[in-house]
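# A structural walkthrough
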Amino acid sequence: MFFYLSKIFWFFIQPINLAIFLLLAGLISVTIGRRRLAVTGSVLAFLILALSAWTSLGAMMLNPLEERFPKPPLPQKVDGIVVLGGGFEGAINLARGGYELSTSGDRMVETAILARRFPQAKVVVSGGNGSLFLEGEGDADTAPRLLVPLGVSADRLVLEDKSRNTYENAIFSRELVKPKPGETWLLVTSAFHMPRAKALFDKAGFPTVPWPVDYRTSGKEGVGMFRDNPADSLENTTMAIREWIGLLAYWLSGRIDQPFPAPGG
């Protein structure tokens, strides 16, 4: 139920969809003679789109998330690597049978590098199809087509293809690999996603070393306009809002212990 409610809520609240619904409400208000409501809806839609696409709002919201878990020194010994899904274009790969990377494809590139550096480490790819409306191939199904040609032998791969969200990533990955005390596992995901991911893995009883990748900010963000192209700015804002809402929802539901997890927390 949590999965479906979260997906439906996010469908309506993400900036681009919210702006569309407000514009639609404005058009309906015009047809029924409610001019004030029409103006209000149109102004709100404009503000949402303008702030999201033309300003540094998204980057400023992402930066605290990305800075929360700095990348640590690389351990001397690594027993396993867990990479979370989101690095592939699932719909395209389902149709074409390839391994097209998404904007979060750094997750898979870094995993291949780490796997070559630690040739004895197991590599867990955790990710099924987490979309409620779109068909797509899960990252666990796509990953072997990329990682094996890059030198990661198939017998090292542990493919977790059932999870639909980060909570299930943690639960199902732990059940598959049953990490032992004293083992070192790296957790690879986007830097902005690391606070929620690390907290969920800790809660699931799967100790990991956070290994953030896929940074979207320079760390020197400030208030400004037109500092990035509008499409990227809109994407940053969308991701930031989604992640902050996700942290709050997971905290309120008891799935993580802090609303903004920190190292050692």
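Refer to the structure above for everything that follows.
A few points on the structure. Please read all numbers here as calculations on a predicted model, not as lab measurements. (Residues numbered from 1 in each chain as written. Predicted model: local features only at pLDDT ≥ 70, side-chain atom pairs only at ≥ 80, totals over all residues. Heavy atoms only, no water.)

## A short note on the pattern of salt bridges
A side chain with one charge may pair with a side chain of the opposite charge, provided their charged atoms come close. The condition is simple: We count a salt bridge whenever a side-chain nitrogen from Lys or Arg sits within 4 Å of a carboxyl oxygen from Asp or Glu. The helix count covers DSSP runs of H or I at least four residues long, the strand count covers runs of E at least two residues long, and both are numbered beginning at the N terminus.
For the structure on display, the rule yields eight salt bridges. Ionic pairing is found between D257 and K203, a salt bridge with its closest N-O pair at 2.6 Å. You can see D257 sitting in the segment after α10 (230-252) and its partner K203 sitting in helix α9 (residues 194-203), a full 54 residues away along the chain. Look at the salt bridges and you will find they share partners, linking D214, R216 and E235 into a network.

## Section: unusual backbone geometry
Trans is the common state for peptide bonds, and a negative phi is the common state for residues other than glycine. Positive phi values are uncommon outside glycine, yet K178 reaches one of about 45°. One can find K178 in the loop between α8 (166-177) and β4 (185-190). Its identity as a non-glycine residue notwithstanding, D214 has a phi of 60°, on the positive side. Looking at the secondary structure, you find D214 in the loop between β5 (209-213) and α10.

## Observations concerning the nonpolar core
Going by this rule: Nine residue types can take part in a nonpolar core, namely buried Ala, Val, Leu, Ile, Met, Phe, Trp, Tyr and Cys, and a core is a set of them joined through side-chain atoms within 4.5 Å. A simple rule labels every residue: compare its accessible area, found with a 1.4 Å probe on the protein chains alone, to the largest value its type can have, and call it buried under 20%, exposed over 50%, or partly exposed in between. Note on definitions: a residue-residue contact is assigned when non-hydrogen atoms from the two residues lie within 4.5 Å.
Membership of the largest hydrophobic core comes to 25 residues, with the highest contact counts inside it found for V82, L187 and F201. A per-element tally of this core places α9 first, with five residues. Apart from the residues within four sequence positions on either side, L187 is in contact with V82, L84, M194, A197, K198, F201, T208, V209, P210 and W211. Core analysis: the next-biggest nonpolar cluster, separate from the first, contains 22 residues, F118, V125, V188 and W211 among them.

## With respect to the sheet that holds strand β2 (residues 122-126)
Here is the rule we go by: Criterion used throughout: strands pair if DSSP finds at least two bridges between them. Axis lines are fitted through C-alpha atoms, for helices just across the contact stretch, and the angle between N-to-C directions can take any value from 0 to 180 degrees.
Read from one edge to the other, the open sheet built from five strands follows the order β3-β2-β1-β4-β5, with strand pairing classed as parallel. Because the sheet does not close on itself, it has two edges, and the strands there are β3 (157-160) and β5. Between one strand axis and the next, the sheet turns through 20° on average, direction left out of account. Alignment of β2 against β3, held across four bridges, turns out to be parallel. Bridge pairing in β3 places S126 opposite E160.

## Digging into the packing of aromatic side chains
So the rule is basically this: Centres within 6.5 Å are what make two rings of Phe, Tyr or Trp a pair, Trp counting through its six-membered ring; a difference in plane orientation under 30 degrees is then read as stacked, over 60 as edge-to-face, and the rest as tilted.
By the definition in use, this model includes eight aromatic pairs. Summarising the aromatic geometry, the rings of W54 and F226 are spaced 5.9 Å apart at their centres and angled 35° between planes, so their arrangement reads as tilted. Separated by 172 residues along the polypeptide, W54 in helix α3 (residues 35-54) and F226 in the loop between β5 and α10 bring together distant segments of the chain. A relative accessible area of 36% means that W54 is categorised as partly exposed. The exposure class of F226 is exposed, given its relative accessible area of 56%.

Nothing here speaks to function; it is geometry throughout.
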